[in-house]
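So you can see what is in the structure, the chains are spelled out below.
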Amino acid sequence: MSQLGTVEAGSRHDLRVGLSPDAPDEAEFRDDGKGAFGYVHSYESSSRYDGPGLRIVLFLSGCLLRCSYCHNPDTWHLKDGTYVSAQQVIDRLGDFAPALRSLAGGITISGGEPMVQLAFTRRILAAAKQMGLHTAIQTSGFLGARADEDFLSCVDLVLLDIKSGDPDTYRRATERELAPTLRFAERLAAMGKPAWVRFTLVPGVSDDPANVEKIARFVGPMKNVEWVEVQPFHQMGAFKWKAMGLEYKLADTQPPTRETVERVLGQLREAGCRAR
Ligand code: SF4
């Protein structure tokens, strides 16, 4: 059993590894349905980008994708996170709740992938709703089939990463399949769940016009999607790959040019998306 630690403030860009060496493998992990304990990377207390208003962003450990451009490979494994009680997280959230409420904000649970530790995520979101906070998850949607109605009833907004519109490109970029994400997106659309779609624009990986066009045409008709956000690739996570001894194939990749970002925004808007 992992040693109980303390949920630490910090940044998604802090390197955290090896804090719970006896944690289970994230691909094998099945939570107990209660989620009283979980593995956490860190939290940020003043984001303005991860949902409406001022946000606490909680970064959980565990992800089943292996994106070639991942900025936070130290969130992939449960064993790199800190084992904490949900109550400790909820108590900390309670300290911030009055400020978050007054600034029309709330909590966003990100990762890693928040649906790896579904019960832990649900427990924190349910507590946040009881505090009158807006709730969001940031997810790849790959584990969307795990999200039952009870879980989704605790989520006000889904920040859904659609990393590619083309299945082969998606497989090359993430080492996983695209279809579960599209199924989850369609389910959210059918239930009218508010969503912001996020697309990381990576030169040489996801910037092909035909690839972008597939996302644009898929998302364009979805009335529940309030925004499609284009997130330009950057190199801020490169040092983590090196520090963790991982082979980083994008060491020479530059951020997309302003022209490329504008071209992608134009494709999305042309298809009816509200894009930024
Ligand atoms: S889904 Fe996110 S955390 Fe997981 S590998 Fe991809 S970029 Fe990294």
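Rules behind the numbers
Residues numbered from 1 in each chain as written. Predicted model: local features only at pLDDT ≥ 70, side-chain atom pairs only at ≥ 80, totals over all residues. Heavy atoms only, no water. Near = heavy atom within 4 Å. 1 Å grid on protein atoms, 1.4 Å probe; cavity = no way out; pocket = protein on both sides within 12 Å on 5 of 7 lines; lining within 4 Å. Sits in = over half its atoms within 2 Å of the grid points. Nonpolar A, V, L, I, M, F, W, Y, C, P; charged D, E, K, R; others polar. Points joined across faces, edges and corners; volume = space filled by probe spheres on them. Helix = DSSP H or I, 4+ residues; strand = E, 2+ residues; numbered from the N terminus. Buried < 20%, exposed > 50% of the residue type's maximum accessible area, 1.4 Å probe, protein only. Pairing = 2+ DSSP bridges. Axes fitted to C-alpha atoms, helices over the stretch in contact; angles between N-to-C directions. Contact = heavy atoms within 4.5 Å.

Trainee: I'd love a proper account of the site of the ligand, names of residues and values included.
Mentor: The ligand sits among Cys 63, Leu 65, Cys 67, Cys 70, Thr 75, Trp 76, Gly 112 and Lys 163. At a threshold of 2 Å from the grid points, most atoms of the ligand map onto the largest pocket. When the residues that make up the shell around the ligand are grouped by side-chain class, the tally is five nonpolar, two polar and one charged.

Trainee: Tell me what's going on with the layout of surface pockets, and back it up with residues and numbers.
Mentor: Space inside the largest pocket adds up to approximately 950 Å³. Lining the largest pocket are 35 residues, with Arg 12, His 71, Gln 138, Arg 198 and Gln 231 positioned closest to its centre. Those elements that provide at least two residues to the lining of the largest pocket are β5 (134-139), β7 (195-201) and β8 (225-232). The element that contributes the greatest number of residues to the lining of the largest pocket is β8, accounting for four residues. Residues belonging to the lining of the largest pocket are distributed by class as follows: eleven nonpolar, 14 polar and ten charged.

Trainee: Give a detailed account of unusual backbone geometry, specifying residues and quantitative values.
Mentor: Going from Gly 111 to Gly 112, the amide bond is cis rather than trans, its omega being 15°. Positioned with a positive phi, Ala 104 is a non-glycine residue whose angle comes to about 55°. Mapped onto the fold, Ala 104 is located in the loop between α1 (86-102) and β4 (106-110). Among the residues examined, Ala 104 registers a relative accessible area of 55% and is labelled exposed.

Trainee: Tell me what's going on with the sheet that holds strand β6 (residues 157-161), and back it up with residues and numbers.
Mentor: Spatial strand order, β3-β1-β2-β4-β5-β6-β7-β8: eight strands in an open sheet with mixed pairing. Looking at the sheet topology across the chains shown, the edges are occupied by β3 (82-85) and β8. Ignoring strand direction, the axes of neighbouring strands in this sheet form an average angle of 30°. Pairing analysis gives four bridges linking β5 to β6, with the strands arranged parallel. Note on β6: the bridge partner recorded for Ile 137 is Val 158. Set on the sheet, α1 makes contact with β1 (37-47), β2 (55-60), β3 and β4; between it and β3 the angle comes to about 75°.

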